Amino acid sequence: MSRVLCRCSRRVSHHCALPGLLALWMAVSPTASADVSIALGSAVGMTSSLSTGSGQVAQGEWSYTLRPGDNVRSLSKEMLDNRHTWLELLRHNNISSVSDLHTGSMLRIPLDWLRQRPEPARALAVTGHALFRTRADQNYQTLSRGTRLDVGDEVRTEDGHVVIQLADQSIVRLGPRSSLTLNRLTRFGKTGMADTRMRLEQGNLSTRVHPLSDPRSRFEIETPSAVAAVRGTEFRLAAKPESTRLEVTKGKVAFSNEYHQALVPAGKAAFISGIDPIVITDLPNAPKPPASPGKIQKLPQTLTWQPVPAASGYHLNIYNRENGAWVASAKLEHPVYQLAGLDNGKYDAQLSAVDINGVQGSAKPVNFSVDLEAHAADLTAPAADAKTAAQRPLFKWNFRGENEKARVQVSNAEDFQQIVASSEWSPAAQASLAQPLAPGQYYWRVQTRAGGNSRAQSATRSLVVLGSIPETHIITINYVDNQVRIFWEKIPQVESYRLQLASDPNFTQILREETLQETSVAARLVPGQHYFVRIKGVPKGPLGSHWGPGRELYVK
């Protein structure tokens, strides 16, 4: 353990270049803060930084070398904002005529003349409950995958995780109970320069920043109480109102407050709190990664690894390599973790040790894939061709695969073209329907699912729900001279209708009885006589039916 003491401004900055992607993890309390500025790339024609701490573009210039086919007028229209013209650009470069320009000529362009173009981000993946609100609408809305996020939008997580993808393919992973506002997402024409700024009001996040093509680009994350500047390194921050912890896994970070500063190398953690000296300690050793399970075709499966001496626990994050989703995050007391509930796909598990002070060491990756296959379930109850008086029968089956879920589907046709009822997906081997089934003939089956995208169907069984179909009511009667047309309602589970015409209201004197397929009929009646008519549905299958109420007919 070492102590470093000196005075400086409140800023955390980093001093080493890292090729390729850059990852930054940050965890803060609701009242803590951190500000991150990231810039990668080679300096070409740089005369000053991109922007000042106030958010305004600093005085400086960007140099552009003319290429074959370039035209100063079209270049100015494309790169300059609306306040400046190609003539001003010529005067700024002390060029009297466009004829003085040729391929290879260099133009100096003030940074604050460049066109600034906002570039939206999007929610790449959402797990659990997350909300967002726009700058124009302060009402929170549910955040879903693919949602566009613009400057000024705020993302808030409850119990879930959100993966945000920026226009340059950089990734921001927002943990549970966190709030992030996108303060600036700007591109400067075709210069390759970018200005990206966010504010983490509370919670935690990690980032994987795409290498920036211009050294004057800025990637900054601000929090309520601290500042960190990054140039090609990997580190984590955990902030509380009274203290901040830094963990450096690659490169070096200049860590400071208004009283002290220290250059913290990789493999070290640093603690800073008010006027107390900075305390620097070693990061826990990385665990020896467990053997990769390779392609997993059966879940659950257990990961184990060798204990790390002096580690008080371990931290494990699982990411989907195909869509970037943050699938799981776990704090573990022992070197064992059970993989379960994963959909088919490719995954990265990031494993690190944690010491007694909560300091997290470097992560060791474990790559694996999940490829589960669903199997058709064996139906057990009700039996085939069963008849039941229960309108919500209990369906049962046996699973034939591992880590499967199932649901019951019920149709009134054997081809299942129309599903009349279905249960929710569940790992249970039985289910009942939320709504009762009307009496009638049905067909049921069980659909199984494994790994999210593998499905199988069971055999089909028939089922009769006993009871009676509803009475058939006459809707209306129309008279034209001595002719009458009768209309009645259409009843489900009916294959035909019986009509009775009688001379008395008790239907003891039946004059005519017919079987009809339609729901209307026309008849000629003798004027001056009273008639009575009623309808009964003829059901499909072993169901009961009753005559509907009679109606009187009379032709003058």
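Because the structure is predicted, anything quoted here is derived from the model rather than measured.

Looking only at helices and strands, the chain has two helices and 47 strands in total. Buried residues in the chain amount to 48% of all 556 residues. In the chain, the proportion of contacts linking residues at least 24 apart, taken out of those at least 6 apart, comes to 62%. On the chain, roughly 27,300 Å² of surface is accessible, and the fraction owed to carbon and sulfur atoms is 47%.

Before going further, it helps to spend a moment on the pattern of salt bridges. Tallied over the full model, the rule gives nine salt bridges. Note that R83 is salt-bridged to D81, the shortest N-O span being 2.8 Å. The exposed category is assigned to R83, whose relative accessible area is 58%. One continuous salt-bridge network, built from bridges that share partners, spans R133, E154 and R156.

A separate point is the sheet that holds strand β37 (residues 430–431). Reading across the sheet, the three strands line up as β32-β34-β37 and stay open at both edges, with antiparallel pairing between neighbours. Both outer strands of the open sheet, β32 (378–381) and β37, are each paired with one neighbouring strand and no more.

Right, let's get into the sheet that holds strand β27 (residues 313–320). Taken together, five strands build an open sheet; the order of strands is β25-β31-β30-β27-β28 and the sheet is mixed. The outermost strands of the open sheet, each flanked by one partner alone, are β25 (294–296) and β28 (326–332). On average, each strand axis in the sheet is inclined to that of its neighbour by 25°, with strand direction left out of account. Pairing geometry for β27 and β28, over six bridges, is antiparallel. Among the inter-strand pairings, H315 is bridged to a residue of β28, identified as K331.

Attention now moves to the nonpolar core. Across soluble globular proteins, you tend to see nonpolar side chains buried next to one another. In this structure, I318, Y337, L339, F368 and V370 are the most contacted members of the largest nonpolar core, which totals 25 residues. Residues contacting L339, with those up to four places away along its chain left out, are P293, I296, L299, P300, Q301, L303, I318 and F368. Y497, L499, A523 and L525 belong to the second largest nonpolar core, which has 21 residues in total.

For the bond running from L299 to P300, omega is 0°, close enough to zero to count as cis. The omega angle of the peptide bond from A381 to P382 is -5°, so this bond is cis rather than trans. Within the secondary structure, P382 sits in the loop between β32 and β33 (386–388). Here the phi dihedral of R177 falls at roughly 50°; this positive angle occurs in a residue that is not glycine. The topology assignment puts R177 in the loop between β14 (171–174) and β15 (179–188). On the basis of relative accessible area, R177 is assigned to the exposed category, the value being 57%. Even without glycine at this site, F507 takes up a positive phi of about 60°. Structurally, the position occupied by F507 is in the loop between β43 (494–502) and β44 (510–516).

Moving on, we come to the environment of R461. With respect to the helices and strands, R461 occurs in strand β40 (residues 461–465). Distance from R461 to V410, taken between C-alpha atoms, is 9.8 Å for residues 51 residues apart in sequence. In contact with R461, other than residues within four places in its own chain, are L379, T380, A381, P382, A383, A384, Y442, Y443 and W444. A polar contact is formed between the side chain of R461 and the backbone oxygen of L379, at a distance of 3.1 Å.

Going through the model one piece at a time under the given rule, you end up with six aromatic pairs. Arranged with centres 4.8 Å apart and planes meeting at 55°, the rings of F395 and W444 form a pair that is tilted. With F395 in strand β34 (residues 395–398) and W444 in strand β38 (residues 440–450), this residue pair connects regions lying 49 residues apart in the sequence. In this structure W444 comes out as buried when scored by relative accessible area, which is 0%. Here the guanidinium or amino end of R449 rests over the ring plane of W425, the centre of that ring lying 4.4 Å away. The ring of F507 has R534 sitting right over it, with the charged end atom 4.2 Å from the ring centre.

Moving on, we come to the confidence of the model for the chain. Averaged over every residue, the pLDDT of the chain is 81; the share at 70 or more is 84%. When the criterion is pLDDT under 50, residues 1–59 qualifies, and its contacts beyond four places in sequence or with other chains add up to 252 contacts.

This brings us to the environment of G294. Tracing the sequence through the fold places G294 in strand β25. The exposure class assigned to G294 is partly exposed, which follows from its relative accessible area of 29%. Residues G294 and K346 lie 52 residues apart in sequence; the distance between their C-alpha atoms is 9.8 Å.

Conventions and cut-offs
- Residues numbered from 1 in each chain as written.
- Predicted model: local features only at pLDDT ≥ 70, side-chain atom pairs only at ≥ 80, totals over all residues.
- Heavy atoms only, no water.
- Helix = DSSP H or I, 4+ residues; strand = E, 2+ residues; numbered from the N terminus.
- Buried < 20%, exposed > 50% of the residue type's maximum accessible area, 1.4 Å probe, protein only.
- Contact = heavy atoms within 4.5 Å.
- Areas by Shrake-Rupley, 256 points an atom, 1.4 Å probe, with all protein chains shown as cover.
- Salt bridge = Lys/Arg side-chain N within 4 Å of Asp/Glu carboxyl O.
- Pairing = 2+ DSSP bridges.
- Axes fitted to C-alpha atoms, helices over the stretch in contact; angles between N-to-C directions.
- Core = buried A, V, L, I, M, F, W, Y, C linked by side-chain atoms within 4.5 Å.
- Polar contact = N/O pair within 3.5 Å; in protein donor to acceptor, adjacent residues only side chain to side chain.
- Phe/Tyr/Trp six-rings, centres within 6.5 Å; stacked < 30°, edge-to-face > 60°.
- Lys NZ or Arg CZ within 6 Å of the ring centre and 35° of its normal.
- pLDDT = per-residue confidence, 0-100.

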